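Residue strings, one per chain:
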Amino acid sequence: MGKRFKLKIEKLVYGGRGLGRLNGRAVFVPFTAPGDIVLVEEKSRKSGYSEAEVVKILERSRERVEPLCPYFGKCGGCDWQHVKYEKQVEYKRAILEENLQKIGKIKKPNIDEVIPSPSPWHYRNRAQIKVKNGKVGFFAKNSHQVVDIDRCPLLKEDIAEIFPRLKELLTLLPSEPSEFHVYSSGKDEVLLKIVFQGRFKRFEIPVEKLKEVLKVNLVGYGIYRQSNGFPERVRFFGKDFSYEFTEKFKFRVSADSFFQVNRFQLENLINRVSKVAMEHQYMLAGDLYCGVGTLTIPVGRYVHRAFGIEANFSAVSDALYNKDINGLRNVSFYCRETEEGLPILKEHNPDLVIVDPPRSGLNEKIIKTIANLSRLKKVVYVSCNPSTLARDIATFHRYGINMERAKVIDMFPQTFHVETIAYLRKVK
Ligand SMILES: C[S@@+](CC[C@H](N)C(=O)[O-])C[C@H]1O[C@@H](n2cnc3c(N)ncnc32)[C@H](O)[C@@H]1O
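To keep things clear, this report deals only with the structure shown in the data block. (Residues numbered from 1 in each chain as written. Predicted model: local features only at pLDDT ≥ 70, side-chain atom pairs only at ≥ 80, totals over all residues. Heavy atoms only, no water.)

**A look at the packing of aromatic side chains**
Any two aromatic rings considered together are summarised by their centre-to-centre distance and by the angle between their planes.
Inference 1: Tallied over the entire structure, the rule returns 12 aromatic pairs.
Inference 2: Geometrically, the ring pair formed by Phe138 and Phe163 is edge-to-face, given 5.8 Å between the ring centres and 70 degrees between the ring planes. With a gap of 25 residues between them, Phe138 in strand S8 (residues 135-139) and Phe163 in helix H2 (residues 163-170) connect regions that are remote in the sequence.
Inference 3: A relative accessible area of 15% places Phe138 in the buried class.
Inference 4: A ring pair is formed by Phe251 and Phe259, whose centres lie 6.1 Å apart and whose planes are at 45 degrees; its orientation type is tilted. Taken individually, Phe251 and Phe259 each receive the classification buried, so the pair is uniform in this respect. (Phe/Tyr/Trp six-rings, centres within 6.5 Å; stacked < 30°, edge-to-face > 60°. Helix = DSSP H or I, 4+ residues; strand = E, 2+ residues; numbered from the N terminus. Buried < 20%, exposed > 50% of the residue type's maximum accessible area, 1.4 Å probe, protein only.)

This is the structure:
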C-alpha cells in the first residue's frame, strides 16, 4: 500500500488530472476538481512529482456536478464529467494560457474568446468503439481493457445507444472484430466500419439486414483490416459517404475521410477562420491539412484563389467534389503529405496560410517554408494540442511570425482536449 495523505486540489491540467501539492511537490490525481480536499494514496513516485488516487473525498469542491454517465470513472473516454461545464472551458483556457507562456514564451498571451460547445452532450458524430472477448465499449483509462457499456451520452442521439446492438451484430460475424467505427452524418445517415486485426474469414451480409439489427439509418458498411495502425478497406457495401451542412456550405464526407467531430461547433470554427479572409483583402489562401475542404472552401469565398493540401486520397476526392457542389471555381486541391507539398506552397506563394495539423503539430521545415513565403501576411493555426501549438508558435516567432491572439473553441466537452484557433502575423 502506498503512502496516504490529505491533499487540496488546485487546478486541472492537460491530461485531465487534478493537481495538488504536498510540501511543494506536485501530486496528480484523476477525477478530482479544484477545491476538493481529498485523502489520496500515492501510486507512483517520479522525479519531481507523484501520481495518486482518491481514497475518500473529505470536502467536495463547489465546481463538482453529478456525472451523467454510469460508466464515468471506469470508461476512459471522459475525464471531466464531474466538473461543471462552464468550469471545464475555464480550465481549458488556463491550460492554453500556461502552454503559451511556458512553451510558447509569450508573457501575456491574448486569448480573446472562449467558445463553449452549444451543447456539452450528444455532440460527437463519430466513435471508434472497441471490441474484446464479447465486450463492446471504450478502453479504460491508460489501458487496453474494454469497458463494456450500453450507451454513451457524448454521441449523437441516434447512435448513443448502439452498443448492445453491436453486440447482437457480433453473433452474425464469422469472427470477432477489434473495432467498430460508427459515423452518423448531418443527414442522420449512418456508416459503419467493421475492423479486423490479423486474418479473418470474408463475409457478406445485406445492408438491410444490418440496418434491422442496429436500428439506425444505416446506408452502408465496410470491412476493414488493421494495417500499420490504420484500417485499410477490404470491401464496402452500400453507400460509403454522406453529407454535413452549415448554413452556407455542404460537404460530402466519405467513410475514410476526416471530419470535425463536434457537429455543434462546425459553424463556429468555419466562421472564426473565414472571418480573417472576409475582413482583409487577401489574394491567395493556402490550407495545409485541409481534409474535405472544410476551411478551404469557406475561405475561398473571400479570396481571389485558394488551394488545399491533404495526404488522404479519400478526403481530397471529397474536397474536389465539395468545391463543385458549393459552386467555387477558384479553389484547387493537391493530394500530398505536407512536406512533399512544400514546393507547391512556395510556387503559389500565398499571403494567407491556414494549418490544421494532427496532434503532432508542424515541424521546423514546414514552419520555415511558411515563414519564408515572400507575400505571407497571416497564418491561422487550428490546433488540437496546446503543447505542440505552443512549441510551433515559439518556432514561428524565431522566423519573424508572432501570435496576435488565440481562441479556445471547445470541440470536446467532458474531456481534457483543447482545440485552439491561433492568429499569427508576419512582423518583418
Ligand atoms: C485535424 S484534420 C483537419 C482537416 C480539416 N482542416 C477540417 O477542418 O476538416 C487533419 C487532416 O490532416 C490530414 N493529414 C494527416 N497527416 C498529414 C500529412 N502529413 N500531410 C498532409 N495531411 C495530413 C488528415 O488526413 C486530416 O484530414
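**Regarding the sheet that holds strand S11 (residues 190-196)**
Whenever strands of a sheet pair, they do so through backbone hydrogen bonds, lying parallel or antiparallel.
Inference 1: With mixed pairing, the seven strands of this open sheet are ordered in space as S9-S8-S7-S10-S11-S12-S13. Each having just a single partner strand, strand S9 (146-148) and strand S13 (230-238) make up the two edges of the open sheet. On average, each strand axis in the sheet is inclined to that of its neighbour by 35 degrees, with strand direction left out of account.
Inference 2: The sheet contact formed by strand S10 (residues 179-184) and S11 spans six bridges and is antiparallel. When the bridges of S11 are listed, Ser184 appears paired with Val190.
Inference 3: Taken strand by strand, H2 contacts strand S7 (126-132), S8, S9, S10 and S11, and its axis lies near 130 degrees from that of S8.
Inference 4: Packing against the sheet, helix H3 (residues 207-214) makes contact with S11, strand S12 (218-227) and S13, and its axis sits at approximately 95 degrees to S12. (Pairing = 2+ DSSP bridges. Axes fitted to C-alpha atoms, helices over the stretch in contact; angles between N-to-C directions. Contact = heavy atoms within 4.5 Å.)

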